[in-house]
Structures are given as structure tokens and as C-alpha cells.
Amino acid sequence: VVQLLSPASVFLLCLFNTIINNFSDRPKLTDSYTEDTWMKLRDAVSAIQNSTSIRYNLEELYQAVENLCSYKVSPVLYKQLRQVCEDHVQAQIHQFREYPSSSLDSLSFLKRMNRCWQDHCSQTIMIRSIFLFLDRTYILQNSLLPSIWDTGLELFRTHIVSDGAVQSRTVEGILEQIERERNGETVDRSLLRSLLGMLSDLQVYKDSFEQRFLTETNRLYAAEGQRLMQERDVPEYLHHVARRLEEENDRVISYLDQSTQKPLITTVEKQLLGEHMNAILQKGLWMLLDENRVCELMLLYELLNKVKGGLTALLQAWRDYIKSFGGEIVSSPEKDKEMVQELLDFKDKMDHVTQRCFQRNDTFINAMKEAFESFINKRPNKPAELIAKYVDSKLRAGNKEATEEELERILDKIMIIFRFIHECGAAFTSKLEGMFKDMELSKDIMIQFKQYMQNQSDPSNIELTVNILTMGYWPSYTPMDVHLPTEMVKLQEVFKVFYLGKHSGRKLQWQPTLGHAVLKTEFKEGKKELQVSLFQTLVLLMFNESDECSVEEIRAATGIEDGELKRTLQSLACGKARVLNKMPRGKDVEDADRFHFNSDFRHKLFRIKINQIQMKETVEEQVSTTERVFQDRQYQIDAAVVRIMKMRKTLSHNLLVSELYNQLKFPVKPADLKKRIESLIDRDYMERDKENPNQYHYVA
């Protein structure tokens, strides 16, 4: 039992009245049941006439329609039903044509249109329910006839929405409401959802609304993009774009058809991003990178990834930034002391950007490597030299600067920077590989030595670690004999027996200048561990036997060379970690000075690294280093000259030099190239032309 209210009740009254009147000349029906059904239809109409709000049984109306269909009056019934519905819908158009045209009435016009549409839908649903038997039999069996629901949509589309003036005003009203919402006003989203759903159901959404909507969207955001790029800085602009995209996606979810999402978002991205892509990068990328604005860089990547060519433009701008910023670090001689640390910090920063902001994109990672390689090689030799010195200083420094784990990480980072430098020469590379191989083999040897020591009947209370270094791979060190404690000497002999037992015919040469130790000691503050060099170890161990020692006594007991001894004593008594006290006080160590153990020593760490004092590099040493680098590279130059001449057979001096610069990956002076060419002529690899001394011939 359903309560039928206006306007559906009024419409059904008209409907049934018309049907009954059109059947006044009906064929003779002898079946009393059919006559009874006819009477029920009349009673239903009378009931509706007597009251606009009445309860009656829909099943009786449904049964009446079914009985009529059973007596083959379905075609007439369908025709009359369609005609009544069409007359009713046609009558609705007048309320919209006569509606005031003032823009202030736009919203009320939309509300009236929505009420009309909602009434039409409820009426059609009711009609379909009563005439369901007709819909499922006669109409379904005739493929050319639309269903009752489709008929209702067709009539509403034909007689109301397809009217030019009505459709135009409806669409303009919807667009006006959307523009108001874009400007920050609150609108009735349920109204918009219903009206746009109506256009979609009537299959006029794309032609009547979407095209105009996208045109208006394009116009709005084209103007907005131009204005805001002038008024706002890049971070603020990026957040605005992200907010606009979020708003438009929300409109699709709330009331627009899903099919509109792609062209809508594409339009917004084009006008707010695509049209201003280069300006955004030129105006803001370097600032974002300088200030390490991770959030905005992440947003920039995500937004440009949506635009055609966006990531390509970002990649190039980012590469240019790295080359420019890194070039300033490398090319400033006054900043040489900070160069390596600044390079490490810069590399860390760029790595963080690629990881957090650029989604670990391999293209950006490779571009960063290329950019580093480009700027770091613009200044010949110096970066490599400073990296070597930096590594040396870090290895000699202690836990005052870094723990062992931190030092390991620093060295890993330095090796990455080092790999950007163009090849230092085949001999150097092979030595470097040999160094790494030595370190790996030493780890294996020490594992075996520890197992060997466990089987000794007289174990030592000293834990020995030895690195076995191949002399040809490592720098040469001046031999220096020192006086080691008896227990150390004994442990050295144990290791010697162990090692030579596995590798007969080899010779071990101990390098005390490279040794270091961890000493356990006790101050008034408590127990500490001192990480010290072997020379520092020998000096400190003397204070187990005596509270005070002179420089001469220490020299005689340790055998350490005079200059090295004074630097060692300086590190123990004149630095920040003063475990010895010197009398008289002062920064320099003299022969008359005396030292005693500082039992009052305090430090916040348990294990303390006491740095050894380093000798400053002299100009002669720097020149020598540069010369050794060139000696290492000259074999590559020779090989390149021979390779070029073998292929070309005859070549002028200028062309040969030009070819060499193209092939050699490291910087080289023209004078050095000329020396190598002369050397190859002397060794009969090539010869000068007899008539033209600037022309060379290859000698097979």
C-alpha cells in the first residue's frame, strides 16, 4: 500500500482518465472479470478525483493493466500511455520559457529545473511500476519500442532540455555556480550533482555542458596562471597549483561526470604548469635547492611529472645547478682547505634530493653523476690531490672527529667523489685495486691467526691485528727501528712463524710508523681506553715503571727518531687530550723538558683517540706528488699517440694533439704532449716528415 501525493497523483489522475476515455468505444468484452477490472480502473480514478492524498492498492492497478494486456489491447494501451505522458511533459516547458531572465534568478531557475526533473523521475518510476506487465511483455517483445523509463527520458530530453533557450540557461546557471565555488563561495553541490546527473542520463552532458565547461576552465586558469606567476613566489605558486588540482578532482567526485576528469585535469595542468614550466624552473629551482626545501622540491617533481616534457626540463635545470654550484667549490683556490668537505656535503645534499624528492629516479641519479664528473675535472689534478690529503688526515685523526663506523662511512663517500675524477693512469688504478685486495686478504689472514692463537699453550694478553701490505702497491716508508716491549716482540715472532708457515719464501718487514694500539688505563676519574699510535704507545708504557721521565730517557728507552719523538710528546702533552704533563709548560718540546703521568685527566668519552702531530707538506713534496702523477699518466699518453698514428698513418702535429685531447680523459699540458711525442720519435715508433717537420709518419 503506497500513499500517492501530488504531483504524481495529479499526473496519474490525468493518465487514467485519458486511458478510460479513450477506451469508451472498446470492443465487446463478455468476460465479467475483465468488466470488473475496468470498473476498478474507474474506481481508482474516482478515488484520486475525490482526494489528492489517498491510500489505494497498487496491486489492483497493476492487475488491471495485466488483464487489459491479456485481451490484446497492449498496442492501444502503450500508444495512449505515451501520448498522455508526452502531453504532460510538453506542458512543463512553459514555466521555463516564461521565467524571469535576470541573473539574480539563475539559482532559482536551476532549483525549479531540478524539481521538475525530480518530479518527472518519480512519476516515471510510478508509471513503470503500474505498467510493468506492459513493459515486460509487449514493449520488450518489440525491439523498436523504448521501455517506459527510456520513453520518459526521451520525452523530457525532446520537449524540455533540448529547447535551446532552456538548455542554454540551465548550462549557464551550472557554470556560474561552479565559478562561484572556484572563487571560494559555498554552493549547493547536491543541486549541481542532480542537474549534471540529469544531463548525463539524457545523454546531452558532453555536447551541452562539458565542452563549454572545459572552455571556461581553460580561460579561467590561463588568466590565473599569468597573474599568479607575477604575484607569488615559486613555493607558494606550487602549493596553489596542487590545491587547485585537488579541488578539481574533488569536483569530479562530488558532482561532475567521471569522464570529465581526464580532460579537466589536463586543462588545469597545461595552463598552470605547462605554460609556465620554464619560468617556474628559472625563478625557483635554484632557490629551492639552495634552501633545501625538500617539501617543495618533492611537490615540484610530482607536478612536473604530470606535464609533457616536465621531467626533462627539470632534469636539465637540475644538472645545470649541480655544475654551477659544484664548479664554484672546485674553482676557488682560496677555498681549497674546505673543498673536499664541501664536496662531500654537497653530494650528500644532492643524494638526499634524489632519494626524497625525485623518487630515486635513475635518470636523475645518472645526470647527477655526469654533472659531478663535469665540474670536478675542470680544475686539473687539484681535487685528486686534496682528496688524498683529506683521506690521510681522516685516517690519522681519531674519535675526536669520528667513530670507526663514521670513519668507514666517510671513506666510502670519499671514494664515490674520487671516482668522478678522470682516470689517474693505469698504473695508479692497478695499485688501487691491489690495495683493496690486500685489505681483503688481511681480514682472512687474521681470522686464521685468531684460530691459531687459540691452540697456543702460552696465550698472550695482547690482541694483535696485522695488515699484510704488498710493497709494490703501497707508498714506500723509511725503515725505522724502535725498541718494542718484550711481550710485543714475542707476539711478532709468533705471527711470523704462523705466516711464513703458510707462505714460505716471503719476507715480513714491520712498519712501526704505521702501527697503532688501544691502551687500557686508569685515571682518578675512572678507567679509560686510549687509541694511540705505536710511538705514543711506547712513550706511555714507560710511565708504568716511572712517574716522571726526561726527553733523553724516553729517547733512549724507545729508540724513536728525535723529530718523531718530539711530535709524539707534543701530541700527548700539548694537545687537547693531555694524558702527560710537561714541565715547563709550553707548546714546543725541548731536550730539557720532563714529563709525568696526568692522573687528573678527564674526558667525556670512554675511548679517546689521541691524534699524532703531522708534519706539514712542503712545496717540494707537492711538486714531487704532481710529478709522480704525470709519470703514471705518461704511459697512457704514449699508448694514445701510437694508437692514433697507427690508424691515421700520417698526421700533422696540431691534428695529433687535437685527437689526443679528445681521447685522454685527464688534463694534460701541450708541452707534456710534445715531450711524449719526442720520446716516441726517439724510440722509432714514429718519425718526422723530411720536408715538413710538423708532419709525423707512423713507423710500422
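Treat the numbers as computed from the prediction; the structure is a model and nothing was measured.

### Remarks on the sheet that holds strand β9 (residues 650-652)
Logical step 1: The strand order across the open sheet built from 3 strands is β9-β11-β10, with neighbouring strands paired in antiparallel fashion. Sheet topology places β9 and β10 (686-688) at the edges, where each strand pairs with a single neighbour. Strand-to-strand twist of the sheet, defined as the mean angle between neighbouring strand axes without regard to direction, takes the value 25°.
Logical step 2: Bridging between β9 and strand β11 (residues 695-698) involves 3 bridges; their strand directions are antiparallel. By the bridge assignment, S652 is partnered in β11 with Q695.
Logical step 3: Across the face of the sheet, helix α27 (residues 653-663) comes into contact with β9, β10 and β11 while running at roughly 95° to β9.
Logical step 4: Sitting on the sheet, helix α28 (residues 670-682) is in contact with β10 and β11, with an inclination near 105° to β10.

### Overview of unusual backbone geometry
Logical step 1: Along the chain, M583 connects to P584 via a cis peptide bond; the corresponding omega equals -5°.
Logical step 2: With respect to the helices, strands and loops of the structure, P584 is situated in the loop between β6 (580-583) and β7 (594-597).
Logical step 3: Residues other than glycine seldom take positive phi values, yet K649 does so here, at roughly 70°.
Logical step 4: What makes K649 partly exposed here is its relative accessible area of 47%.
Logical step 5: Its identity is not glycine, yet D684 carries a phi of approximately 65°, on the positive side.
Logical step 6: Note on placement: D684 falls in the loop between α28 and β10.
Logical step 7: For D684, a relative accessible area of 58% gives the class exposed.

### Considering the pairing of β11
Logical step 1: As defined by bridge partners, β10 adjoins β11 across 3 bridges and the pair is classed as antiparallel. Opposite M686, over in β11, you have Y698 as the bridge partner.
Logical step 2: Between the antiparallel neighbours β10 and β11 lie 6 residues.

### Side note on the side chain of H276
Logical step 1: Looking at the element boundaries, H276 is found in the loop between α13 (261-272) and α14 (277-290).
Logical step 2: Judged by relative accessible area, which is 7%, H276 ranks as buried.
Logical step 3: Excluding residues that lie within four positions of it along the chain, H276 makes contacts with G225, Q226, M229, Y237 and Q271.

### Topic: the packing of helix α9 (residues 164-182) against helix α10 (residues 189-201)
Logical step 1: Between α9 and α10, whose axes approach to 11 Å, the crossing angle comes to 140°. The two elements α9 and α10 meet at a crossing, and its hand is left-handed. Along the contact surface, α9 presents T170, I174, Q177, I178 and E181, while α10 presents R189, L192, L195, L196, M198 and L199.
Logical step 2: Among the residues making up the contact of α9 with α10, the classes are represented as 7 nonpolar, 2 polar and 2 charged.

### Re the pairing of β7
Logical step 1: Where strand β5 (residues 548-550) and β7 come together, 3 bridges link them in antiparallel fashion. The residue bridging E548 from the neighbouring strand is H596, located in β7.
Logical step 2: Where β6 lies against β7, 4 bridges are found, and the strand directions are antiparallel. In the strand pairing of β7, L580 is matched with F597.

### Points about the packing of aromatic side chains
Logical step 1: Under the definition given, this model contains 27 aromatic pairs.
Logical step 2: When the centroid spacing of 5.7 Å and the interplanar angle of 70° are considered together, the rings of F96 and F109 count as edge-to-face. With F96 in helix α5 (residues 94-97) and F109 in helix α6 (residues 106-130), the pair connects residues that are 13 residues apart, well separated along the chain.
Logical step 3: Given the relative accessible area of 1%, F109 is considered buried.
Logical step 4: Taken together, a centroid distance of 5.2 Å and an interplanar angle of 65° make the contact between W117 and F156 edge-to-face. One end of the pair, W117, is in helix α6; the other, F156, is in helix α8 (residues 148-161), with 39 residues separating them in the sequence.
Logical step 5: Classification of F156 as buried rests on a relative accessible area of 1%.
Logical step 6: Each residue in the set W286, Y321, F325, F346, F372, F375 and F420 is aromatic and connected to the rest through ring pairs, giving one cluster.

What counts as what
Residues numbered from 1 in each chain as written. Predicted model: local features only at pLDDT ≥ 70, side-chain atom pairs only at ≥ 80, totals over all residues. Heavy atoms only, no water. Pairing = 2+ DSSP bridges. Helix = DSSP H or I, 4+ residues; strand = E, 2+ residues; numbered from the N terminus. Axes fitted to C-alpha atoms, helices over the stretch in contact; angles between N-to-C directions. Contact = heavy atoms within 4.5 Å. Buried < 20%, exposed > 50% of the residue type's maximum accessible area, 1.4 Å probe, protein only. Left-handed = near helix turned anticlockwise from the far one by under 90°. Nonpolar A, V, L, I, M, F, W, Y, C, P; charged D, E, K, R; others polar. Phe/Tyr/Trp six-rings, centres within 6.5 Å; stacked < 30°, edge-to-face > 60°.

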